[in-house]
Every structure is written in structure tokens, then in C-alpha cells.
Amino acid sequence: MEKHPSFEAVSPYVTKYPKAAGALFQTYNDLKLAQQWNDLEVVELPGCSRCALQGRRPKTEDVLSIVPCSLSESFSTDWIRATFRELGSPPHVYLAINTDDSSIVYYKISPGIVKPPL
């Protein structure tokens, strides 16, 4: 991981939040290199013991928030509320759930009860 060219962007946070380091590094690379997001930056969430990523999809102006995590982690509703609070109460947050085989699934989480689109 340390020899990868994108490691410099996440290196200060890898030692600070070692449990979330793998998910952060993998998600950063997916968004930056594979999906080619713009203005991607790392945002600390000290109350959640990890970092989030914020950036824009190609050809869009909306800034989205992504919280990398592992499939093996469990989260409470209090943790999700703290995540929204620390990110400044965005309309939604994406959980980037990483697996051992390097797959990432993005789940859109919204505060409260939201009716699914038809």
C-alpha cells in the first residue's frame, strides 16, 4: 500500500485510523482512479474513528460524502447519526462497503424514513 502512487493522499489517516485504513485506501482508489471523481478529499470523522471522502462525480456539481467501511463491521443507528452530524448533515451519505476480495458496494443512506422511488 505504501508504494502505491495514491498512498500520499491517505497516508496521514492510515496510521491514525488503522482499523479503517484498508477500506479508506481501497475506496479512495476506486473513486479517484476507476470512477474518476473530481475534487476528492479526505475528511476526518473523529467521533466515528475513521475518515470519509467527499468529492464530485464526473460532469456533476453536487459534492457527495462517502464513508468507507468493511463488510465485517457493525454499525448502530447512533453511529450513523454521528456520521451525518460530523459531515454537516448532508441529504444523504454513501457507505462504501469493502469486502476481502476488493469488491466495493455503495449504499445510499438518508436520515429518517425515506420512501423508495417507484
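Here the structure is a predicted model, which means the values were calculated and not measured. (Residues numbered from 1 in each chain as written. Predicted model: local features only at pLDDT ≥ 70, side-chain atom pairs only at ≥ 80, totals over all residues. Heavy atoms only, no water.)

Draft legend 1. Main features of the sheet that holds strand β4 (residues 93–98). One open sheet holds the five strands; their spatial order is β1-β2-β3-β4-β5, and the pairing between them is mixed. This sheet does not close on itself; its edge strands, each paired only once, are β1 (38–45) and β5 (104–109). On average, each strand axis in the sheet is tilted by 30 degrees relative to the strand beside it, whichever way the strands run. By the bridge criterion, six bridges tie β4 to β5 in an arrangement that is antiparallel. In the sheet register, Asn98 faces β5, and the bridge partner there is Ile104. Across the sheet, helix α2 (residues 21–34) is in contact with β1, β2 (50–56), β3 (64–70), β4 and β5; its angle to β3 comes to roughly 140 degrees. (Pairing = 2+ DSSP bridges. Helix = DSSP H or I, 4+ residues; strand = E, 2+ residues; numbered from the N terminus. Axes fitted to C-alpha atoms, helices over the stretch in contact; angles between N-to-C directions. Contact = heavy atoms within 4.5 Å.)

Draft legend 2. Molecular detail of the nonpolar core. Val10, Leu53 and Ile66 are the most contacted members of the largest nonpolar core, which totals 19 residues. Taken together, the elements giving at least two residues each to this core come down to α1 (7–16), α2, β1, β2, β3 and β4. The element best represented in this core is α2, accounting for five residues. Beyond its immediate chain neighbours, meaning those up to four positions away, Val10 contacts Leu24, Phe25, Tyr28 and Val42. Judged by nonpolar contacts, the second largest core, of 13 residues, contains Phe84, Val93, Leu95 and Ile97. (Core = buried A, V, L, I, M, F, W, Y, C linked by side-chain atoms within 4.5 Å. Buried < 20%, exposed > 50% of the residue type's maximum accessible area, 1.4 Å probe, protein only.)

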